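Coordinates in review
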Amino acid sequence: MPSTASTPEPISEDSWCAERAADVLACVQRLALDHGRVGEWPAWHVMPYASLWAVESKSRPEWVGWWVISGDLPSDALAAHDLPEPRDAMRAFGKRWLLHGECLDRGDVPPTWAHLPHEALPKLAATLKKRGAALLAWAEDDTSWPAEKA
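What you are looking at is a predicted structure, and each value in this text was computed from that prediction instead of being measured.

Cut-offs and rules
- Residues numbered from 1 in each chain as written.
- Predicted model: local features only at pLDDT ≥ 70, side-chain atom pairs only at ≥ 80, totals over all residues.
- Heavy atoms only, no water.
- Helix = DSSP H or I, 4+ residues; strand = E, 2+ residues; numbered from the N terminus.
- Buried < 20%, exposed > 50% of the residue type's maximum accessible area, 1.4 Å probe, protein only.
- Contact = heavy atoms within 4.5 Å.
- Areas by Shrake-Rupley, 256 points an atom, 1.4 Å probe, with all protein chains shown as cover.
- Lys, Arg positive; Asp, Glu negative; His and termini not counted.
- Charge placed at Lys NZ, Arg CZ, Asp CG, Glu CD.
- Core = buried A, V, L, I, M, F, W, Y, C linked by side-chain atoms within 4.5 Å.
- Polar contact = N/O pair within 3.5 Å; in protein donor to acceptor, adjacent residues only side chain to side chain.
- Phe/Tyr/Trp six-rings, centres within 6.5 Å; stacked < 30°, edge-to-face > 60°.

Let us now look at the overall build of the protein. Of the regular secondary structure elements, the protein holds 3 helices and 5 strands. Along the protein, helices and strands appear, N-terminal first, in the series α-β-β-β-β-β-α-α. Burial status across the protein gives 37% buried among its 150 residues. By sequence separation, contacts in the protein at least 24 residues apart represent 50% of the contacts at least 6 residues apart. For the protein, the accessible surface area stands at approximately 9200 Å², while carbon and sulfur atoms represent 56% of it. The averaged location of the 22 negative side-chain charges in the protein is 4 Å from the averaged location of its 15 positive side-chain charges.

Listed below in structure tokens is the structure:
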């Protein structure tokens, strides 16, 4: 007998990226970041796992002021002042998340995650360590990035 359960339609890349852009806006609002425009398209993405977005500096229009990550992982932001390229930001998020996961395991709650309920922190620690390791692997994988310009 055929199943009556419907299979969800695959989401298009445009729709997925539009959803991530909304996540990015929510993240910068939650963190009260002083920002300009959010990029129209991610600086890097692997659908449906992760996307990395450039967010304009409010004090220096046309310059990246923040990098925001969104996808099947926690949305988070980093100042871009020492992270000129998306790959640098990816590496920084990976390192930060591994460190934050270790802090959470010890019972120390980094300010970035203090808004979450205490009971969510053990799961978050595991997620941050797993996703942090994946981000570092992506950052180090040359095939994940466009060829360097000469």
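Attention now goes to the nonpolar core. Grouped together as the largest cluster of nonpolar side chains are 22 residues, with contacts concentrated most on L52, W67, I69, M90, F93, W97 and L135. Elements with a contribution of two residues or more to this core: strand 3 (50–57), strand 4 (64–71), strand 5 (73–79), helix 2 (86–106) and helix 3 (121–140). When residues of this core are assigned to their parent elements, the largest contribution, 6 residues, is made by helix 3. Every residue in contact with M90, bar those within four places of it in the chain, is listed here: W44, L52, I69, L135, A139 and W145. Formed by 11 residues, the second largest nonpolar core is a distinct cluster that contains C17, C27, V55 and A77.

A few words on unusual backbone geometry. The residue after M47, namely P48, is reached through a cis peptide bond having omega 5°. For P48, the position within the fold is in the loop between strand 2 (44–46) and strand 3. At A32, a position not held by glycine, the phi torsion is positive, near 55°. Note on A32: relative accessible area 65%, which makes it exposed. In this structure, E62 is a non-glycine residue whose phi angle is positive, near 80°. Its location among the elements puts E62 in the loop between strand 3 and strand 4. A relative accessible area of 65% places E62 in the exposed class.

A few words on the side chain of S51. Here S51 lies in strand 3. Of the residues examined, S51 reaches a relative accessible area of 0% and is grouped as buried. At 2.8 Å, the side chain of S51 and the side chain of W53 are in polar contact. The contact partners of S51, leaving out residues within four places of it in the chain, are W16, R20, P42, W44, H45, V68, I69 and S70.

Further remarks concern the environment of W113. Structurally, W113 can be placed in the loop between helix 2 and helix 3. W113 sits in the buried class, given a relative accessible area of 3%. Once you skip the residues sitting within four places of it in the chain, W113 turns out to touch P74, S75, D76, W97, H100, L121, L124 and L128.

Take the packing of aromatic side chains next. Overall, the coordinates contain 3 aromatic pairs when judged by the stated rule. For the ring pair W44 and W145, a centre distance of 5.3 Å and an interplane angle of 25° mean the geometry is stacked. Placement of W44 in strand 2 and of W145 in the segment after helix 3 is noted, with a sequence separation of 101 residues between them. Seen from their ring centres, F93 and W97 are 6.2 Å apart, and the 65° between their planes marks the pair as edge-to-face. Here the residue F93 and the residue W97 both occupy positions in helix 2, the gap between them amounting to 4 residues, near one helical turn. Across this residue pair, the class does not change: F93 and W97 are buried.

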